[in-house]
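Residues per chain are reported as follows:
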Amino acid sequence: MKDNVRALAAEFKKFLSTRQEDDLTPAAFTQAAAHVSEPARTHAETEQQDHLTIEFARASKKQTSSHCSATLSTVTQETAEKEQNGALNESFSQETATTMSKAEKQALLDQIAEEIKACHRCPLGATRLNAVPGEGNPNATLMFIGEGPGFDEDHKGRPFIGRAGQLLDKMIAAMGLKREDVFIGNIAKCHPMVNPENPEAHGNDRAPNAGEIAVCRKFIERQIAAISPKYVVALGGVAAKALISDTNSLGALRGKFHLLHLDSVELKKPVKIIATYHPAALLRNPNWKKDAWADLQMVMAEMGLKRPQG
Ligand code: URA
């Protein structure tokens, strides 16, 4: 185990020092990450693993070093800090976003999407069929953020279009909104696969691991800054823990608002975030729908939305 952690650390350091994507082969990353991260799991399994201890860059900063899983978390933190420094120097901010027209915001989101499509900073970039930047209203008051694309999204390059996506559409409609009213995105922009050699296989989805999240999160942070929503709904434990920077279980995080804090963008206007069950988990555990609906109703109350009649 120790050797595997060292191997991953060495790979990451190499990556950080050279910044040459080719130096970190997909196979090496996947192999190393598989040893240090949680075992591959489906979206729904992710929901059920309440005590999942993925280390997130910012959460690890807040915690004592004894709580951090040493090398991996140090390395992901280092990666995230480099990303943060870069992102802070980029010419956008939440404040800038509030002065931008819808068309200007769309242009900024298009530019971020182009960067995502060109990104090969982690091995998911080599195995994806399509990057999935996210889509929706550039002026959205509400954003939904999941963990990462699955099979259908990988094939079409659009977020939440499979069975889970169809349920998400129904959840959005129950709130009195349309898909086009909100922005839908993911923490990871490329399909994390159990077997990356077979993107055509069904049931090949897994949650993004800590390294993949650390490298990719700047994109969702830039999208949030560009859109400058008032509310975010984190779908599932992985998105919730990453965006709330709290390693507590989804069960402990859901049912209340938190303040969103981003690594790379200082939010001058507070953004409220609520965590709820991932739609894929709801498909497997319909008895959780009641709690998910209660979470969404909290957002509706804040936004002054009424459930449509009929
Ligand atoms: N699950 C996610 O987390 N995101 C998607 O886009 C699809 C399924």
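Summarised in this report is the structure supplied together with it. Just so it is clear, the structure is predicted and the values come from calculations on it, not from any experiment. (Residues numbered from 1 in each chain as written. Predicted model: local features only at pLDDT ≥ 70, side-chain atom pairs only at ≥ 80, totals over all residues. Heavy atoms only, no water.)

All told, the structure shown has 11 salt bridges when counted by the stated rule. Measuring nitrogen to oxygen at the nearest pair gives 2.7 Å for the salt bridge that ties Arg-222 to Glu-115. Remark: Glu-115 occurs in helix H7 (residues 102-118) and Arg-222 occurs in helix H11 (residues 210-227); sequence separation between them is 107 residues. A relative accessible area of 28% places Glu-115 in the partly exposed class. A salt bridge links Arg-217 to Asp-263, with the nearest nitrogen and oxygen atoms 3.3 Å apart. Separated by 46 residues along the polypeptide, Arg-217 in helix H11 and Asp-263 in the loop between strand S5 (257-259) and strand S6 (272-276) bring together distant segments of the chain. Accessibility assignment for this pair places Arg-217 and Asp-263 in one class, buried. (Salt bridge = Lys/Arg side-chain N within 4 Å of Asp/Glu carboxyl O. Helix = DSSP H or I, 4+ residues; strand = E, 2+ residues; numbered from the N terminus. Buried < 20%, exposed > 50% of the residue type's maximum accessible area, 1.4 Å probe, protein only.)

A few words now on the site of the ligand. In the vicinity of the ligand, 10 residues are found, and the nearest of them are Glu-147, Gly-148, Phe-160, Asn-186 and His-278. In this structure, an oxygen atom belonging to the ligand sits 2.9 Å away from a main-chain N or O atom of Glu-147. For the ligand, a nitrogen atom lies 3.0 Å from a polar atom in the backbone of Gly-148. If the ligand stood free it would expose 230 Å²; the protein chains cover 97% of that surface. (Near = heavy atom within 4 Å. Polar contact = N/O pair within 3.5 Å; in protein donor to acceptor, adjacent residues only side chain to side chain. Areas by Shrake-Rupley, 256 points an atom, 1.4 Å probe, with all protein chains shown as cover.)

Let us look at the packing of aromatic side chains. The final tally for this structure, using the stated rule, is 2 aromatic pairs. Ring geometry for Tyr-231 and Phe-257: centres 6.3 Å apart, planes at 50°, overall tilted. Taken together, the residues Tyr-231 in strand S4 (residues 231-235) and Phe-257 in strand S5 connect sequence positions 26 residues apart. By relative accessible area, Phe-257 is classed as partly exposed at 23%. When the ring centre of Phe-257 is taken as origin, the NZ or CZ atom of Lys-272, which lies over that ring, is 5.5 Å away. (Phe/Tyr/Trp six-rings, centres within 6.5 Å; stacked < 30°, edge-to-face > 60°. Lys NZ or Arg CZ within 6 Å of the ring centre and 35° of its normal.)

Running from N to C, H7 and H11 cross one another at 175°; their axes reach a closest spacing of 10 Å. Classified by the angle between their axes, H7 and H11 sit roughly antiparallel to one another. Counted together, Lys-105, Leu-108, Leu-109, Gln-111, Ile-112, Glu-115 and Ile-116 of H7 and Phe-219, Arg-222, Gln-223, Ala-226 and Ile-227 of H11 form the full contact between these two elements. Broken down by class, the residue content of the contact of H7 with H11 amounts to 7 nonpolar, 2 polar and 3 charged. (Axes fitted to C-alpha atoms, helices over the stretch in contact; angles between N-to-C directions. Parallel < 35°, antiparallel > 145°, perpendicular 65-115°, else oblique. Contact = heavy atoms within 4.5 Å. Nonpolar A, V, L, I, M, F, W, Y, C, P; charged D, E, K, R; others polar.)

Turning our attention to the environment of Asn-130. In this structure, Asn-130 sits in the loop between helix H8 (124-127) and strand S1 (135-136). Taking C-alpha positions, Asn-130 is 7.1 Å from Cys-190, a pair spaced 60 residues apart along the chain. Leave out the neighbours within four places in its chain, and Asn-130 touches Asp-154, His-155, Lys-156 and Gly-157. At 2.9 Å, the side chain of Asn-130 and the backbone oxygen of Asp-154 are in polar contact.

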